[in-house]
Amino acid sequence: MSKFSIATPSKKQILWIKVCVFLACLIPFLRLFYLGLQENLSANPIEFIERSTGFWALFILMATLCLTPIRLLTGRVWQIQLRRMLGLFMFFYACLHITSYVWLDFSFDWLEITKDISKHPRILVGFAAFVLTVPLAITSNNAMMKLLRQRWKTLHQLVYLIAILGVVHFWWLVKKDIREPLLYACVLAVLLGIRIYYKKRSKHSIAPSTKPPLAKTLVKNT
Amino acid sequence: MIIQTKSDIIPSEITPKEVFNNRRDFIQQAGLGLIAGATGLISQSLNAATLTAAESTGKLAVRSNGSTIIKPYGPHQKIVGYAKTSYGAGEKLSAYDDITTYNNYYEFGTDKSEPAINSKLFKPQPWTVSIEGEVKKNKTISIEDIYKLAPLEERIYRMRCVEGWSMVIPWIGLPLAQLIKWAEPNANAKYVEFISLADTQQMPGQNIQVLDWPYREGLRMDEAMNPLSIMAVGLYGEQLPNQNGAPMRLVTPWKYGFKGAKAIVKIRFTEKMPLTSWMKAGPSEYGFYANVNPQVDHPRWTQASEKRIGAGLFGGRIKTQMFNGYTEQVGQMYAGLDLHKNF
């Protein structure tokens, strides 16, 4: 019915898209391996790995957070099927990030790590963001979804907090040139802003309104 | 005029054997040394000629190690005839590629890989440095004349960055004290301010106001006169690469790396403590002294330990030493000073 539904890929196509996204998400990881073997991870390879894995965790998190705004703005829904995979890839890179920090950077020196976390807000914020991703990763399967039902949704709203903490963690890393973290902050603000806007609109539309929000109609139709 | 004199390299003295063998630069230099030795007589007479020429201009300090010759600027241009010193004996040098591709030099970009790329068109010659402020009289000096102020020496120094990494760099330079003596500060001079070049044409990073350009750094007079403080004009036996601060930069190894102002065009003597670029940018994070101090933590980075560049992925961290291990040389200057407050 809608012109958008024409663009909806078939099940087979979605499978292919998933495979492609999966492989694409592996590229940063494989690249690190490749550069590592070439001894081409810059003069400070540990920092390189920390930065790279942190960057990709944040980037993929932003991609994950794009899916709902796309639905709200265009009515497309099929892309929501990529959400779990992207979310788990974010967790994968976050795990690599924290592993490189604990292992390569601090050689499992827990005393120093504890000091670093407690003394430096930048590290504390990043650490908090990571801790919060763990329950989300654990409950990302269908069984948990069924078990937790409405609470699952509430729990997974933590992702917004994680994203904010992640951007702050990045912001506090840079000494003076804030352009890149600023870009992330803006993207996140837009992504969250769209959600808030539609949420407010749909609340208003519960009142005797003749027109339900565009997106909702489309979602029902697909 | 190019004169090659005997170089004082005794490789076994300073450079670890494996490093030495790996470095083409050193082998080439050793070769030059041999040639120079064989033609000692010729070079001696040429040496004498330079001395007279330079003495007549009145700008030459006493030379204990023969003449140091610096050719016009060019990539990988060798410095011939500098003296070796015992500084840094036993330290494993950081690789030339690491030293020259991992730079904090925001005038050429805020990413550490950018200066090596963005500084390619930078022109370190001709270059003059102006001396002003609390001095007998304002004057200027060319970089060529600065080379002649004192015999150039190699100083192998540890460099500790405030970000928690460190290197070992074989600088070539002259004691800052020699330059200051020549500058003739008056009795009011309590501090020295170093001002880097401001030129958006040559330094593309200055198009972005990440710092208030030009870059400014400063030292207390006694710090500047400390024998450890040098004006570096070269590294690894060669003229200073652009990305490392050509043609002349400050090196104070007991302080965090950002104290080392690069591409210096102005030296100003002041009565009051100068406001440095980083103090202005983040007063709670960067102090005037910026002495390496494992006990005083930075809001972002742990200062108790550091990563040595070149240690590899599993090299771990090493403990950061008070004053970066130079307490013996500099500790007395800070007796009675609260280093937690004066960070």
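1. Thoughts on the overall build of chain B
- Within chain B, the regular secondary structure consists of 11 helices and 14 strands.
- Each of the 343 residues in chain B was classed as buried or not, and the buried ones make up 60%.
- Across chain B, every contact between residues at least 6 apart in sequence was considered, and the portion connecting residues at least 24 apart equals 72%.
- Summed over all atoms, the accessible surface of chain B reaches about 14,200 Å², with 55% contributed by carbon and sulfur.

2. Side note on the nonpolar core
- Core analysis: the largest hydrophobic core is formed by 90 residues, its most contacted members being Trp171, Phe194, Met231, Met248, Ile267 and Phe269 of chain B.
- Setting aside residues up to four positions removed in sequence, Met248 of chain B forms contacts with Val129, Ile143, Ile146, Leu179, Met231, Ala232, Val233, Leu240, Lys262, Ala263, Ile264 and Ile267 of chain B.
- Counting residues in hydrophobic clusters, the runner-up holds 42 residues, among them Cys25, Trp78, Leu82 and Tyr184 of chain A.

3. Here we look at the sheet that holds strand E12 (residues 264–270) of chain B
Residue and element names in this part refer to chain B.
- The five strands lie next to each other as E4-E3-E12-E7-E8, forming an open sheet whose pairing is mixed. Across the chains shown, the open sheet's two edge strands, defined by having one partner strand only, are strand E4 (139–142) and strand E8 (216–220). Geometrically, the sheet is characterised by an average inter-axis angle of 20° between neighbouring strands, direction not taken into account.
- Taken together, the six bridges between strand E7 (residues 191–196) and E12 define a ladder with antiparallel strand orientation.

4. Examining the interface of chain B and chain A
- Residue-level contacts link 31 residues of chain B with 27 residues of chain A.
- Buried surface at the junction of chain B and chain A, both sides included, amounts to about 2,400 Å², of which 53% is carbon and sulfur.
- Looking at the side of chain B facing chain A, the largest losses of area belong to Arg300, Lys307 and Leu313 of chain B, adding up to 27% of the total buried there.
- Applying the counting criterion to the chain B and chain A interface returns four salt bridges.

5. Quick look at the environment of Glu238 of chain B
Residue and element names in this part refer to chain B.
- Within the secondary structure, Glu238 is located in strand E10 (residues 238–239).
- For Glu238 and Lys78, which are 160 residues apart along the polypeptide, the C-alpha to C-alpha distance reads 4.3 Å.
- Within polar-contact distance, the side chain of Glu238 engages the side chain of Tyr96 at 3.2 Å.

6. So, a positive patch on the surface
Residue and element names in this part refer to chain A.
- Residues Arg83, Lys153, Lys199, Lys200 and Lys203 make up a contiguous surface patch of positive charge.
- Per-element accounting of the positive patch gives the leading share, three residues, to helix H9 (residues 179–206).
- In this structure, Lys203 sits in helix H9.
- In this structure Lys203 comes out as exposed when scored by relative accessible area, which is 58%.

7. A look at the packing of aromatic side chains
- For the structure shown, the criterion picks out 31 aromatic pairs over all chains.
- With a centroid separation of 6.1 Å and an interplanar angle of 80°, the aromatic rings of Phe55 of chain A and Tyr184 of chain A are classed as edge-to-face. Here Phe55 of chain A is found in helix H2 (residues 45–74), whereas its partner Tyr184 of chain A is found in helix H9, with 129 residues between them in sequence.
- Between Phe108 of chain B and Phe122 of chain B, the ring centres sit 5.7 Å apart and the planes meet at 85°, which makes this aromatic pair edge-to-face. In this pair, Phe108 of chain B sits in the loop between helix H5 (96–101) and helix H6 (114–118) while Phe122 of chain B sits in the loop between H6 and strand E3 (128–133), placing the two residues 14 residues apart along the sequence.
- Looking at Lys139 of chain B, its charged tip hangs above the ring of Trp182 of chain B, at a distance of 4.1 Å from the centre.

8. Quick word on the pairing of strand E5 (residues 153–160) of chain B
- Judged by how many residues are buried, E5 of chain B sits mostly within the fold: eight of eight residues are covered.
- Neither face of E5 of chain B is left uncovered, since the one carrying Glu153, Arg155, Tyr157 and Met159 of chain B and the one carrying Glu154, Ile156, Arg158 and Arg160 of chain B both have all their residues buried.

9. A closer look at unusual backbone geometry
- Here Gln125 of chain B and Pro126 of chain B are connected by a cis peptide whose omega angle stands at 0°.
- For Glu39 of chain A, which is not glycine, the phi torsion reads 55° and is therefore positive.
- Here Glu39 of chain A lies in the loop between helix H1 (11–37) and H2.
- Under the relative-accessibility criterion, Glu39 of chain A is labelled exposed at 74%.

10. Brief notes about the side chain of Arg122 of chain A
- As for its placement among the helices and strands, Arg122 of chain A is situated in helix H5 (residues 121–138).
- Buried Arg122 of chain A, no salt bridge; nearest opposite-charge side chain is Asp116 of chain A, N-O distance 5.9 Å.
- Reaching out from Arg122 of chain A, the side chain makes a polar contact with the backbone oxygen of Arg300 of chain B at a distance of 3.2 Å.

11. So, the pairing of strand E9 (residues 230–235) of chain B
Residue and element names in this part refer to chain B.
- Counting buried residues in E9 gives six out of six residues, a clear majority hidden from the surface.
- In this structure, strand E6 (residues 165–175) lies alongside E9, joined through five bridges in antiparallel fashion. Across the sheet, Gly173 pairs through a bridge with Ala232, a residue of E9.
- As paired elements, E9 and strand E11 (residues 249–251) share three bridges and run antiparallel to each other. Counted as the bridge partner of Ile230 is Val251 from E11.
- As paired strands, E9 and E10 are joined by two bridges and run antiparallel to one another.

12. Thoughts on the packing of H2 of chain A against helix H3 (residues 83–105) of chain A
Residue and element names in this part refer to chain A.
- The contact between H2 and H3 brings their axes to 8 Å, and the two run at 160°. In terms of orientation, H2 and H3 fall into the roughly antiparallel class. Crossing handedness for the pair H2 and H3: left-handed.
- In terms of residue class, the contact of H2 with H3 is built from 16 nonpolar, seven polar and three charged.

13. Some details on H2 of chain A
- For H2 of chain A, built from 30 residues, the straight-helix expectation of 44 Å at 1.5 Å per residue is met to within 8% by its first-to-last C-alpha distance of 42 Å.
- Phi turns positive, to about 85°, at Gly75 of chain A, one or two residues after H2 of chain A.

14. Side note on the side chain of Arg155 of chain B
All names here are of chain B.
- If you trace the backbone, Arg155 turns up in strand E5.
- Arg155 sits in the buried class, given a relative accessible area of 4%.
- When neighbours within four sequence positions are excluded, Arg155 is seen to be in contact with Thr85, Tyr87, Ile169, Pro170, Trp171, Pro175, Pro227, Leu228 and Ile230.

15. Quick look at the packing of H3 of chain A against H5 of chain A
Residue and element names in this part refer to chain A.
- Their axes nearest at 10 Å, the elements H3 and H5 cross at an angle of 135°. With respect to H5, the element H3 is oriented oblique. Handedness of the H3/H5 crossing: left-handed. Counted together, Leu88, Met90, Phe91, Ala94, Cys95, Ile98 and Tyr101 of H3 and Ile123, Phe127, Phe130, Thr133, Val134 and Ala137 of H5 form the full contact between these two elements.
- Of the residues that constitute the contact of H3 with H5, the class distribution is 12 nonpolar, one polar and no charged.

Cut-offs and rules
- Residues numbered from 1 in each chain as written.
- Chains lettered and ligands numbered in written order.
- Predicted model: local features only at pLDDT ≥ 70, side-chain atom pairs only at ≥ 80, totals over all residues.
- Heavy atoms only, no water.
- Helix = DSSP H or I, 4+ residues; strand = E, 2+ residues; numbered from the N terminus.
- Buried < 20%, exposed > 50% of the residue type's maximum accessible area, 1.4 Å probe, protein only.
- Contact = heavy atoms within 4.5 Å.
- Areas by Shrake-Rupley, 256 points an atom, 1.4 Å probe, with all protein chains shown as cover.
- Core = buried A, V, L, I, M, F, W, Y, C linked by side-chain atoms within 4.5 Å.
- Pairing = 2+ DSSP bridges.
- Axes fitted to C-alpha atoms, helices over the stretch in contact; angles between N-to-C directions.
- Buried area = accessible area lost by both parts, 1.4 Å probe.
- Salt bridge = Lys/Arg side-chain N within 4 Å of Asp/Glu carboxyl O.
- Polar contact = N/O pair within 3.5 Å; in protein donor to acceptor, adjacent residues only side chain to side chain.
- Patch = residues over 30% accessible without salt bridge, like charges linked within 9 Å, V, L, I, M, F, W, Y side chains within 5 Å.
- Lys, Arg positive; Asp, Glu negative; His and termini not counted.
- Charge placed at Lys NZ, Arg CZ, Asp CG, Glu CD.
- Phe/Tyr/Trp six-rings, centres within 6.5 Å; stacked < 30°, edge-to-face > 60°.
- Lys NZ or Arg CZ within 6 Å of the ring centre and 35° of its normal.
- Parallel < 35°, antiparallel > 145°, perpendicular 65-115°, else oblique.
- Left-handed = near helix turned anticlockwise from the far one by under 90°.
- Nonpolar A, V, L, I, M, F, W, Y, C, P; charged D, E, K, R; others polar.
- Expected span 1.5 Å × (residues − 1).

It is worth stressing that arrangement in space is one thing and function is another; only the former is reported here.
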